[in-house]
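Residue-level listing of the chains:
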Amino acid sequence: MVGKICGTGSYVPENYYDNHDIAKLVDTSDEWIRERTGIVRRHIVKDDTTVSMAVKAAKAALENGAVKAEELDLILVATITPNHITPGMACEVQKELGAVNAAGFDMSAACSGFVFAYNTAQAYIAAGVCKTVLIIGSESLSNIVNWEDRGSCILFGDGAGAAVIRAEDGEIKPCVMHSDGVKGEVLACESRHQRDWQKKEEAKETFLSMDGKEVFKFAVKKVPEVITELLEKTEYTAEDMDWFILHQANQRIIESVAKRMKVDIDKFPMNISEYGNTSSASIPILLDEMNRSGKLKKGQKLILAGFGAGLSWGATLVEW
Ligand code: COA
């Protein structure tokens, strides 16, 4: 069996900070942020939470796919900003959807999270364990961003995206996943709950830290490599692909990948200017926008590629 995406959904909070708003918080400018990243705005939660955004995106995906919540047998939520340590987000979403027949668990793979969740869903379907899987990427990164660090706070935004995947006859498509924990410190956030309770230490407030240059170098090297590795597992070349849907981290990273792959940049859709980097949510938000605007046509071949903290990176072939 193979999983086919039958519905997509997304949700971003209405509230946003544009680059001028960020320039009131840290020493930066609209021009600098646009030039280095392509970002103009990022949407930031006000009344929403990671769970409420996930539920809204999930409901839209179920409606789009004409799938009832009771038909789901698995819910996977990719997130690094869950509402609670426990219960997991997937159980909270399951409750809100009334998905009474679904099991659920969360996956922490940062900006690779949606691709890793997609590949996991495909593996469960191929093994005959599940038939109808809901995968979600949802993040309120604004809660872990250091709003005093101009090197990182300019990049991130909040939002959620989801896809419903249904089993049909066919064989699982190639997918690739990698991790390199040795380089983990270049993009990290310590647990806020790590403390010595016996010394009665207070829980620390901790924030995301990033070595931007190292992460940039990692992305422009590993993303073309992983796409090439994926293509080598197929009978296709890069030219045979209709779309390369990359994690939206930085416009310059995406442009560099297109150049290294010698593929027309028009095949690399982008919405980073509006949302910034929404980590696990960026690929499904973009996928949903493309689906709803009619850009994705039946039979088209897509490559989804995620990369980020861990370090982690991966790619997968999707036939629409
Ligand atoms: N506004 C103005 N100046 C800034 C700035 C900001 N927001 N952030 C950094 N600078 C300054 C630096 O202090 C430095 O000044 P100096 O030369 O006087 O020391 C200069 O700009 C260049 O800094 P640098 O860090 O080399 O910039 P850069 O070209 O590498 O761009 C990033 C910084 C963060 C935009 C870039 O490294 C990047 O996008 N990295 C990838 C990050 C990422 O995608 N993370 C998520 C992956 S999932």
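Trainee: Quick question: what am I supposed to make of helix H7 (residues 251-261) here?
Mentor: Residues three or four positions apart in an α-helix share a direction because the helix packs 3.6 residues into each turn. Taken together, the buried positions of H7 are Ile253, Ile254, Ser256, Val257, Ala258 and Met261. In this structure, the buried side of H7 is in contact with helix H6 (212-232), strand S11 (243-246) and strand S12 (301-308). Its side-chain oxygen placed 2.7 Å from the backbone nitrogen of Arg252, Asn250 serves as the N-cap of H7. Backbone geometry just downstream of H7 places Lys262 in the positive-phi region, at approximately 55°.

Trainee: What am I meant to see in the sheet that holds S11 here?
Mentor: Either a parallel or an antiparallel arrangement is found when strands of a sheet pair, and the pairing is made through backbone hydrogen bonds. On the basis of which strands lie adjacent, the open sheet formed by 4 strands has the order S8-S13-S12-S11 and mixed pairing. At either margin of the open sheet sits one strand with a lone partner, and together these are strand S8 (175-179) and S11. Strand-to-strand twist in this sheet, taken as the mean axis angle between neighbours without regard to direction, amounts to 15°. Of the strand pairs in this sheet, S11 and S12 are connected by 4 bridges, and their pairing is parallel. Note on S12: the bridge partner recorded for Trp243 is Leu302. This element, helix H5 (residues 113-126), spans S8, S12 and strand S13 (312-319) of the sheet and lies at about 55° to S13.

Trainee: Quick question: what am I supposed to make of the sheet that holds strand S7 (residues 158-168) here?
Mentor: Here 5 strands make up an open sheet; going across it, the order is S1-S7-S6-S4-S5 and the pairing mixed. Of all strands in the sheet, those with a lone pairing partner are strand S1 (2-11) and strand S5 (103-107), marking the two edges. With strand direction ignored, the average angle separating the axes of adjacent strands in the sheet is 20°. Bridging between strand S4 (residues 74-78) and S5 involves 5 bridges; their strand directions are parallel. Counted as the bridge partner of Ile75 is Gly104 from S5. Across the sheet, helix H3 (residues 50-64) touches S1, strand S6 (132-140) and S7, and the angle it forms with S1 is around 125°. Helix-sheet contacts for H5 involve S1, S4, S5, S6 and S7, and the interaxial angle to S6 is about 165°.

Trainee: For this particular structure, what's the right way to read the packing of H3 against helix H4 (residues 89-97)?
Mentor: For any two helices packed against each other, one specifies the inter-axial angle together with the distance between the axes. With their axes 10 Å apart at the nearest point, H3 and H4 run at an angle of 55° to one another. Considered as vectors, H3 and H4 are oriented oblique to each other. Note that H3 runs across H4; the crossing there is right-handed. Contacts from Thr50, Val51, Ala54, Val55, Ala58, Lys59 and Leu62 of H3 reach H4 at Met89, Glu92, Val93, Glu96 and Leu97.

Trainee: Explain the domain arrangement of the protein here, please?
Mentor: Size of an interface: often given as the accessible area lost when the parts come together. When its domains are assigned, the protein resolves into domain 1 (2-168) and domain 2 (175-319). Facing the 49 residues of domain 1 at the interface are 47 residues of domain 2. Between domain 1 and domain 2, the buried area comes to about 3700 Å², and carbon and sulfur atoms account for 60% of it. One can count 1 salt bridge joining domain 1 with domain 2. The closest approach of N and O atoms between Glu274 and Arg41, which form a salt bridge, is 2.9 Å. On the surface where domain 1 and domain 2 come into contact, there are 26 residue pairs in polar contact (both at pLDDT 80 or more). Mapped by element, the contributors of at least two residues to the side of domain 1 that touches domain 2 are S1, helix H2 (30-37), strand S3 (41-43), H3, H5, S6 and S7. When residues of the side of domain 1 that touches domain 2 are assigned to their parent elements, the largest contribution, 6 residues, is made by H5. Taken together, the residues of the side of domain 1 that touches domain 2 break down into 22 nonpolar, 20 polar and 7 charged.

Rules of the game
- Residues numbered from 1 in each chain as written.
- Predicted model: local features only at pLDDT ≥ 70, side-chain atom pairs only at ≥ 80, totals over all residues.
- Heavy atoms only, no water.
- Buried < 20%, exposed > 50% of the residue type's maximum accessible area, 1.4 Å probe, protein only.
- Helix = DSSP H or I, 4+ residues; strand = E, 2+ residues; numbered from the N terminus.
- Contact = heavy atoms within 4.5 Å.
- Polar contact = N/O pair within 3.5 Å; in protein donor to acceptor, adjacent residues only side chain to side chain.
- Pairing = 2+ DSSP bridges.
- Axes fitted to C-alpha atoms, helices over the stretch in contact; angles between N-to-C directions.
- Parallel < 35°, antiparallel > 145°, perpendicular 65-115°, else oblique.
- Left-handed = near helix turned anticlockwise from the far one by under 90°.
- Domains from an automatic or database assignment.
- Buried area = accessible area lost by both parts, 1.4 Å probe.
- Salt bridge = Lys/Arg side-chain N within 4 Å of Asp/Glu carboxyl O.
- Nonpolar A, V, L, I, M, F, W, Y, C, P; charged D, E, K, R; others polar.

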